[in-house]
Amino acid sequence: MDRFNLYAKYYDLLYQDKDYNGEVEYLQKLIKQSFPADKLTLLELGCGTGNHAKIFSEKGYFVEGVDLSSQMIKIAKEKNKENDKLHFFEGDIINFRSKRKFDVVLSLFHVVSYQDTNEKIQKTLQTAQYHLKPNGLFIFDFWYGPGVLTDPPVVREKKLENEELSVHRTATPQVFVNDNVVNVLFDIVIKDKIKNEYETISEKHTMRYLFIPELRYLLNNNGFELENYYTWMTLDKPTASTWNAVVVAKKQ
């Protein structure tokens, strides 16, 4: 959890160029294939600072979001304190339980790939299954195994800044092909431009890449049917060059 609390400090800055509105429109298309009605109820597992959740609520959804990071949840609540259709909770998605049942459960930004063992993935699926109404949908994106193996990860750098902070992040991958995981080693230098102070953070994020046959097996064993799967932000099937894929599963 510590790494995600550190992550919260620069999360929105690092992903300020992310097309949250476009992603929500895409997800709505996937949802409406099964639920043509509007104003659905939605649970987001691993909601971060609440950027997707906020847009869904503005489109009429009642949304609950849960995240492991207390700092992420604090930021999400602060940004949405006037919104009574949006509620955030600190918790681990492998054992979180809300009192509500939902039409849709989402898990975005590769949160499922952060579940780096079969046990954690199964518990995440059980959390989603528990919270869904009959025939409800679980939609999640993940690192797609064929793409990761065909086009292995490389060292990447990202630099961003706003009026208060500048961030320089270097991501160094370590691929463990026998475990289907990649350790991403982040080295981050953050400058507080107001105080003219620097902070250096080192983090390890372990990511599980997944394959459709194993996902179908895990879904079937945990109360779901795999409805469809696509290359993220398209309606095309993944290929060997696809890194980011999305699954639509229906509660059995």
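Residues numbered from 1 in each chain as written. Predicted model: local features only at pLDDT ≥ 70, side-chain atom pairs only at ≥ 80, totals over all residues. Heavy atoms only, no water.

1. A word on the packing of aromatic side chains
Defined as follows: Only centres within 6.5 Å qualify two rings of Phe, Tyr or Trp (six-membered ring in Trp) as a pair; their planes then separate them into stacked at under 30 degrees, edge-to-face at over 60, and tilted for everything else. The buried label goes to any residue with under 20% of its type's maximum accessible area, the exposed label to any with over 50%, and the partly exposed label to all in between, with areas taken from a 1.4 Å probe on protein chains only. Cation placement over rings: the criterion is NZ of Lys or CZ of Arg within 6 Å of the ring centroid and within 35° of the ring normal.
Under the defined criterion, the tally for this structure stands at ten aromatic pairs. Measuring from centroid to centroid gives 6.0 Å for Phe-140 and Phe-142, while their planes differ by 50°, and the two rings are tilted. When sorted by exposure, Phe-140 lands in the same class as Phe-142, which is buried. Connected via pairs of aromatic rings, a cluster forms that spans Phe-138, Phe-140, Phe-142, Tyr-144 and Phe-224. A cation over a ring is seen here: Arg-97 above Tyr-130, with NZ or CZ 4.8 Å from the ring centre. When the ring centre of Tyr-229 is taken as origin, the NZ or CZ atom of Lys-237, which lies over that ring, is 4.9 Å away.

2. Side note on helix H3 (residues 20–32)
Since the α-helix turns once every 3.6 residues, residues separated by three or four places project in the same direction. Here is the rule we go by: Going along the chain from the N terminus, every DSSP run of H or I of four or more residues is numbered as a helix, and every run of E of two or more is numbered as a strand. An expected span of 1.5 Å times one less than the residue number is assigned to each helix. Residues are treated as being in contact if the distance between any of their heavy atoms lies within 4.5 Å.
Relative to the 18 Å expected for 13 residues at 1.5 Å per residue, H3 spans 18 Å between its end C-alpha atoms, a close match to the ideal helical length. The elements touched by buried residues of H3 are helix H2 (11–14), helix H4 (51–58), strand S4 (102–107), strand S5 (132–144), strand S10 (224–231) and strand S11 (244–251).

3. Comments concerning the nonpolar core
As a rule of thumb, soluble globular proteins bury nonpolar side chains together. Put simply, the test is: Remark: nonpolar core denotes a set of buried residues (Ala, Val, Leu, Ile, Met, Phe, Trp, Tyr, Cys) joined through side-chain atoms within 4.5 Å.
One finds Leu-27, Leu-30, Ile-31, Phe-56, Leu-106 and Ile-139 to be the most contacted residues of the largest nonpolar core, which totals 50 residues. For this core, the leading source of residues is H3, giving six residues. Residues contacting Leu-27, with those up to four places away along its chain left out, are Phe-56, Leu-106, Leu-108, Ile-139 and Trp-232. In this structure, Ile-121, Leu-125, Leu-210 and Leu-219 belong to the second largest nonpolar core, which totals 28 residues.

4. Examining the environment of Val-189
Summarising the element assignment, Val-189 is placed in strand S8 (residues 181–192). Val-189 sits in the partly exposed class, given a relative accessible area of 35%. Remark: the alpha-carbon pair of Val-189 and Pro-238, spanning 49 residues in sequence, is separated by 35 Å. If sequence neighbours within four positions are ignored, Val-189 has contacts with Ser-166, Val-167, His-168, Tyr-198, Glu-199 and Thr-200.

5. So, the side chain of Gln-115
Defined as follows: The term polar contact refers here to a pair of N or O atoms within 3.5 Å; inside protein, the definition further demands a hydrogen-donor-capable atom paired with an acceptor-capable atom, and it admits residues adjacent in sequence only when both atoms are side-chain atoms.
Summarising the element assignment, Gln-115 is placed in the loop between S4 and helix H6 (118–131). From its side chain, Gln-115 meets the backbone oxygen of Val-111 in a polar contact 3.0 Å long. Gln-115 has contacts with Ile-93, Ile-94, Lys-120, Ile-121, Thr-124 and Arg-208, leaving out every residue within four places of it along the chain.

6. Brief notes about unusual backbone geometry
Excluding glycine, most residues fall at negative phi; most peptide bonds, likewise, are trans. Located in the positive-phi region is Asn-135, a residue other than glycine, with phi close to 65°. When you line up the elements, Asn-135 lands in strand S5. Here Asn-135 falls in the partly exposed class, since its relative accessible area comes to 46%. A positive phi angle, close to 60°, is found at Asn-180, a residue other than glycine. With respect to the element layout, Asn-180 can be found in the loop between strand S7 (165–176) and S8.

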